[in-house]
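Residue-level listing of the chains:
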Amino acid sequence: MTSEQITDARTLLGAGQTRAAVAAKLRVSRWTLSRALDTAPLTRRPDDDA
């Protein structure tokens, strides 16, 4: 998964979407989504300081 997809996934999960729904929207398996979320470093978005 790309860093943009991981950021999108975190946003959707934070908004209450299930992992299954997020995986479907991003067209990846639930396993791939879980693995990416578990291994990707937490990143800061430029607007976090706003």
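Residues numbered from 1 in each chain as written. Predicted model: local features only at pLDDT ≥ 70, side-chain atom pairs only at ≥ 80, totals over all residues. Heavy atoms only, no water.

Before going further, it helps to examine the packing of helix α1 (residues 3–14) against helix α3 (residues 30–39). Closest axis-to-axis distance for the α1/α3 pair is 10 Å, and the angle between their directions is 100°. Looking at the two axes, α1 sits roughly perpendicular to α3. Contacts between α1 and α3 involve Ile6, Ala9, Arg10 and Leu13 from the first element and Leu33, Ala36 and Leu37 from the second. Looking at the contact of α1 with α3, its residues break down into six nonpolar, no polar and one charged. (Axes fitted to C-alpha atoms, helices over the stretch in contact; angles between N-to-C directions. Helix = DSSP H or I, 4+ residues; strand = E, 2+ residues; numbered from the N terminus. Parallel < 35°, antiparallel > 145°, perpendicular 65-115°, else oblique. Contact = heavy atoms within 4.5 Å. Nonpolar A, V, L, I, M, F, W, Y, C, P; charged D, E, K, R; others polar.)

With that settled, the discussion passes to α3. Residues of α3 that are buried include every one of Leu33, Ala36 and Leu37, and no others. Projected down its long axis, α3 carries its buried residues within an arc of 95°, all on one side. Of the exposed residues in α3, those oriented more than 90 degrees away from the buried face are Trp31, Arg35, Asp38 and Thr39. Where α3 is buried, its residues meet α1 and α2 (19–26). (Buried < 20%, exposed > 50% of the residue type's maximum accessible area, 1.4 Å probe, protein only. Arc of directions from axis to C-beta.)

A word on the nonpolar core. Ile6, Ala9, Val22, Ala23, Leu26, Leu33, Ala36, Leu37 and Ala40 form the largest nonpolar core, which has nine residues in total. Those residues within four positions of Ala9 in sequence are excluded, and the remaining contacts are Val22, Leu26, Leu33 and Leu37. (Core = buried A, V, L, I, M, F, W, Y, C linked by side-chain atoms within 4.5 Å.)

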